[in-house]
Structures are given as structure tokens and as C-alpha cells.
Amino acid sequence: MNPAVWVERQGRRRGADPAIAEGARVHATWGAWASRTGALAGGLHAQLGLAPGDRVAIVMRNRPEYLEALYAVWHAGLVAVPVNARLHREEVAYVLEHSGTSVAVTDEEHAEDVASLLGRVGSLRDVVVAPGERWERLAGAAGIPLVDLAPEDPAWLFYTSGTTGRPKGATLTARNLLLASLSYFADIDPVAPQDCILHAAPLSHGSGLYGLPHVARGATSVVPESGGVDGDEVAALLRRWPGTSFFAAPTMVTRLARDPAVAAAAPDHLKTIIYGGAPMYLADLEDALDVFGPRLAQIYGQGETPMTITALTRADHADRDHPRWRERLQSVGFPRTDVEVRVVDADDRALPPGEVGEVVVRGDVVMAGYWNQPEESAQTLRGGWLHTGDMGAFDDDGYLTLRDRSKDLIISGGMNIYPREVEEALLHHRGVRAVAVVGRPDPTWGESVVAFVVPMDHAAPPTADELDRTCLERIARYKRPKEYRVVEGLPTNNYGKVLKRELRQALAAGADDA
Ligand code: AMP
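Residues numbered from 1 in each chain as written. Predicted model: local features only at pLDDT ≥ 70, side-chain atom pairs only at ≥ 80, totals over all residues. Heavy atoms only, no water.

Topic: the pattern of salt bridges
- In total, this model carries 30 salt bridges according to the counting rule given.
- A salt bridge links Glu-68 to Arg-36, with the shortest nitrogen-to-oxygen separation between them at 3.1 Å. One end of the pair, Glu-68, is in helix 3 (residues 64–75); the other, Arg-36, is in helix 2 (residues 30–46), with 32 residues separating them in the sequence.
- Residue classification places Glu-68 among the buried positions, given a relative accessible area of 2%.
- In this structure, Arg-474 engages Glu-473 in a salt bridge whose closest nitrogen and oxygen atoms are separated by 3.5 Å.
- What makes Arg-474 partly exposed here is its relative accessible area of 41%. (Salt bridge = Lys/Arg side-chain N within 4 Å of Asp/Glu carboxyl O. Helix = DSSP H or I, 4+ residues; strand = E, 2+ residues; numbered from the N terminus. Buried < 20%, exposed > 50% of the residue type's maximum accessible area, 1.4 Å probe, protein only.)

Below, the structure written as C-alpha cells:
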């Protein structure tokens, strides 16, 4: 099923209601969006010579035209390649080349960079800037009927954020997108036409995926004018738009919770903040719950199984009387309705509750494979299960707690040390704003533990002795860092994930400051 059918359907049924908003202003009603989608699709075929199955990249910051492009691409039976606009030009070049993209839709801000790839990226034939004169010319074409997509047809090439190396294109089919949308209703939230989704995070990632169930139900997609997350802007939009949900990385949730303007505006119109993509530390989560109330839901997912492995529901967050409430807040919740989730050993044998192993996932939401990478696909999907590379353990109630990505695990003196546990301990020190723990090769121990600490006050960072004491109060002696490095900040990728690889490289290079 083609997801663009939802736009067409809402266009018929609720033509005059707001479909896309830019800030406080309605950009398009459902009626306008539906006819524009058909026309743009017609233009993509007739004016740009694209045919079903061709890849069209979208390289732009969040803006209404992003949504116009995404759904027109689908309406035309093309494959969308949403590219994070904050990537470096060389990284964009890689994704376009690898996906065999024929046409890129971009915005004024990125036009020069993307146009410079014409002639360099072999498959790239054309670059269209939206909003712009050519975009309007495309929208002036005769509308075409929705092109059929079979369930197994690729719809979205989701390039992974590349914390480990070259990004890989998870091939998400029409069926994958449908399942991700339906299981949003099953496990996260029902959605009503009066609701809104605020695209505060990049549409090329989680926010775009969460857009789908909202479009399906005819809710309004609200794109902030700044294209990002500014506290005052979010506060103003929460006042303007009722029933608002949005996806945010944990660091963003923490930032918003500390913003007095957001805190004052939040309760009235905020429905749910869906957070995930990286661990949210307990202290930050408790603070966010104090500000937002039980309007938080956590998801654990991957591009490879779009945002759908487990969820910690709003009810789990609210259930303060539960004897294991805090433990549960540190988990990633319970398997989603449409997937099987197991924890397995190195030979893919299922492990009982309490034992740590690799998390594997099976279900109709799991990607078809990596685009044009048969070996990596076979390896990752071996035995019919997606091997996530995440380490975790179930508890007796069926809640999954993640430890770390297998490659982040530190093995010191034959003992497994999970960096997250050490980070959680160090965050109890009031002088610590952020921390990342990694392993450094060590001739005696195999690896030794090093903590990169961002202090609250750079003029008076906590001392190694104090940090040691904080650890010793909470975790086993052998887990505590052998060295603490005070740093200005931690290296993160474009989605806010800490790049431990860079920290390890800095250590290997003997640099004093990562
Ligand atoms: P991506 O495919 O870029 O979304 O990255 C997916 C990875 O982010 C997962 O494999 C996990 O390592 C991590 N991740 C996603 N959700 C969570 C979560 N709720 N808690 C901790 N880590 C997460």
C-alpha cells in the first residue's frame, strides 16, 4: 500500500481542514495538499522523466516542502531517500551515489552544495530547489493517479547515522512503513484528526516516520519556522496547536524541560513527547517527568526496524506506585505488538531473563535489507532475525534493559564493563553535566576504563578523587575509570548521539583533549 493514499483520502474527506502548518500559519489544507501531491507526482514523471522505482533524494531542513516532496515521491511510485541536511557535502555525495539517486530536491540553503554534485555523482541528473520557481512548475503539471506500491516495494531508503562507519541504506518497504504506523497506534498513542505532530527533530529520521501515523489519521503536521527546536518557539507552538506530540532525542527533552517558557506552556496542549534514539539518564528523566507530567513515551528502535522494537509507554512512566518504577524507567520497555524480540548469545541461542546478550528482532516492520549490500544484509538478517548490535537483558516481567552497543562494551581483566552503568554512576555527581565512558587498549588489562567528563562549571571541575568516590558508592571497584578527562563537550553526530568512536580515536592518537 502506498502511504500517499492517506493524503489523497484526507483530501477528499476533510478538504478544508489544516494539513500542514509552518509555525502558527496554515501552509496547506488537506484538499490543497492532496491536489498538489498528485500534480507534483505528475511533474516528477512528465517534466523530470522519472519512473516508478527511481530514487529521489530530499536534502533540506524541515520545512513544509519537505512533506510535499516526500508524499509526491511516493504518489509517483518513486523511492524517497531522505538525507540529513546537516551532513557534510561529501557525506551527502556518498548517500546519493550509493543509492543511485536520479533527482535531488533541496532548499535554497543547500542548493549550492547539492548542485555541485551534478556531474560528480554519476546517477544524479537534476537538482530542484523548493520552494522555488521550478518546484512551482512541477506543481503546475497535470495530476496523476496514485501509483501502486506492492507491500515489498522499497519506499524509503533510510541511511543509518553512521556511528560505526559508512552509512548503510536500510531499505524500508511500503509494508515496513505501514507496520511502523499501525504499531504506533497499538503501543504509543491513538491519533485523532484534531491532533498535531510537531516536527522539531529532523524529518529525515524519527520525526518523519512518526509523521506517517499522523498523516494517516488526518492530524496536522506542524513544521517550526526555524526548522529546529528553539524553546520559545516550541512554547509558542504548544500554545497555538492543541493535541501536540513530537519526537525528541533525550538531550533535547532535557533542554526543553529546563526551559521555563516550555514548562509554562506545556501542560495545556502537549499530548506526548516520544523520546529515544539514545539512553536517557534517570535523573534527567525524573526532572522531565516533573515538568511535563506523564506525557512521555520512550521508544527503542533502529532505522533497520523503523522506530519499532520496544516502547516504555506513558502509563509505565506514570506508574509511580509500582515497586520497580525506577528500574522500569531505566529500561527501554516492552516489545512492540508487531515484533518478536529476543536476547541471544553468540550462537543465536535465546537467553533467559537476566542474562545479557544481543537483541534480535523479527517481524514485518523489519527492513528488507541494506540497499545494494547483499553481504551486510545477509549477515545482519541471519536466521531471519535482525541483529541489532545492541546488548541487553529482559527482566522477569518482559521489560528490556539495554546495556550498550556490543562494540562499546569494555572488557577489562576479563570482566565485562558496560559504559552506561559507569556513566549513570558519574552523573550522580552534581558537578557533572555530561559524561561518556570508553575503553582504551591496555597491555595488562586488555582495556582500561576512561571517562570523558563535561563539568557543570568549567572553572571548578570535579576532581578525580571526588569522581572516584561517586563511583565507589554505586558500582564495583573494578568498573571505575582509571582516568578522568575533563572536556569542553562531547563529540556528537547530527542526531545528537555521542560518537564514542571519536573518543576512542582521540585516546589512541594520544591526544590530550578529545
Ligand atoms: P538509528 O538507526 O540511527 O536510529 O540508531 C539506532 C540505535 O540507537 C539503536 O541500535 C540503539 O543503539 C540506539 N537507541 C535507540 N533507541 C534507544 C533507546 N530508547 N535507548 C537507548 N538507546 C537507543
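As for the sheet that holds strand 25 (residues 483–486)
- Here 3 strands make up an open sheet; going across it, the order is 23-24-25 and the pairing mixed. The sheet is open, and its two edges are formed by strand 23 (432–442) and strand 25, each paired on a single side. Each strand of the sheet is rotated relative to its neighbour by a mean of 25°, with strand direction disregarded.
- Where strand 23 lies against strand 24 (residues 446–455), 10 bridges are found, and the strand directions are antiparallel. Bridging from a neighbouring strand, Ala-434 pairs with Val-454 of strand 24.
- The strands touched by helix 17 (residues 464–472) are strand 23, strand 24 and strand 25; relative to strand 25, the strand with the most contacts, the crossing angle is about 120°. (Pairing = 2+ DSSP bridges. Axes fitted to C-alpha atoms, helices over the stretch in contact; angles between N-to-C directions. Contact = heavy atoms within 4.5 Å.)

Considerations on the packing of aromatic side chains
- The final tally for this structure, using the stated rule, is 9 aromatic pairs.
- With a centroid separation of 6.5 Å and 85° between ring planes, the pair formed by Tyr-184 and Phe-185 is classed as edge-to-face.
- Residue classification places Tyr-184 among the buried positions, given a relative accessible area of 1%.
- In this structure Phe-185 comes out as partly exposed when scored by relative accessible area, which is 25%.
- Taken together, the ring pairs in this structure connect Trp-30, Trp-33, Tyr-71, Trp-74, Trp-156 and Phe-158 into an aromatic cluster.
- Its guanidinium or amino end placed over the ring of Tyr-418, Arg-403 lies 4.9 Å from that ring's centre, counting from NZ or CZ.
- Between Lys-482 and the ring centre of Trp-445, over which it is positioned, the NZ or CZ distance is 5.8 Å. (Phe/Tyr/Trp six-rings, centres within 6.5 Å; stacked < 30°, edge-to-face > 60°. Lys NZ or Arg CZ within 6 Å of the ring centre and 35° of its normal.)

Some details on the site of the ligand
- Surveying the vicinity of the ligand reveals 17 residues, the closest of which are Gln-298, Ile-299, Gly-303, Asp-390 and Arg-405.
- Residue Ala-278 places a main-chain N or O atom 3.5 Å away from a nitrogen atom belonging to the ligand.
- Asp-390 is positioned such that a nitrogen or oxygen atom in its side chain is 2.6 Å from an oxygen atom of the ligand.
- Alone, the ligand offers 500 Å² of accessible surface; in the complex the protein occludes 92% of this. (Near = heavy atom within 4 Å. Polar contact = N/O pair within 3.5 Å; in protein donor to acceptor, adjacent residues only side chain to side chain. Areas by Shrake-Rupley, 256 points an atom, 1.4 Å probe, with all protein chains shown as cover.)

As for the sheet that holds strand 19 (residues 386–394)
- Ordered by their spatial adjacency, 4 strands build an open sheet running 16-17-19-20, and the pairing between neighbours is antiparallel. If you trace the sheet from one side to the other, it starts and ends with strand 16 (339–344) and strand 20 (400–405), each paired once. Across the sheet, the mean angle separating the axes of adjacent strands is 45° when strand polarity is ignored.

Observations concerning the packing of helix 7 (residues 174–187) against helix 8 (residues 206–216)
- Running from N to C, helix 7 and helix 8 point in directions that differ by 70°, and their axes come no closer than 9 Å. Looking at the two axes, helix 7 sits roughly perpendicular to helix 8. Residues Leu-177, Ser-181, Tyr-184 and Phe-185 of helix 7 pack against Leu-209, Tyr-210, Leu-212, Pro-213, His-214 and Ala-216 of helix 8.
- Here the residues of the contact of helix 7 with helix 8 are counted per class, giving 8 nonpolar, 2 polar and no charged. (Parallel < 35°, antiparallel > 145°, perpendicular 65-115°, else oblique. Nonpolar A, V, L, I, M, F, W, Y, C, P; charged D, E, K, R; others polar.)

A word on the pairing of strand 3 (residues 55–59)
- When you tally the buried positions in strand 3, you get 5 out of 5 residues, the bulk of the element.
- Summarising the sheet, strand 3 and strand 4 (residues 79–82) pair through 4 bridges and their orientation is parallel. The residue bridging Ile-58 from the neighbouring strand is Pro-82, located in strand 4.
- Bridge analysis of strand 3 against strand 5 (residues 101–106) gives 5 bridges, and the strand direction is parallel.

Remarks on the domain arrangement of the protein
- Domain assignment breaks the protein into domain 1 (340–405) and domain 2 (410–508).
- Domain 1 and domain 2 are separated by 27 Å when their C-alpha centres are compared.
- Listed per partner, the contact involves 4 residues of domain 1 and 5 residues of domain 2.
- Across the domain 1 to domain 2 interface the summed buried area is about 380 Å²; carbon plus sulfur atoms make up 51%.
- On inspection of domain 1 and its partner domain 2, the count reaches 0 salt bridges.
- Viewed at the interface, domain 2 and domain 1 are joined by 0 residue pairs in polar contact (both at pLDDT 80 or more).
- The residue makeup of the side of domain 1 that touches domain 2, split by class, is 2 nonpolar, no polar and 2 charged. (Domains from an automatic or database assignment. Buried area = accessible area lost by both parts, 1.4 Å probe.)

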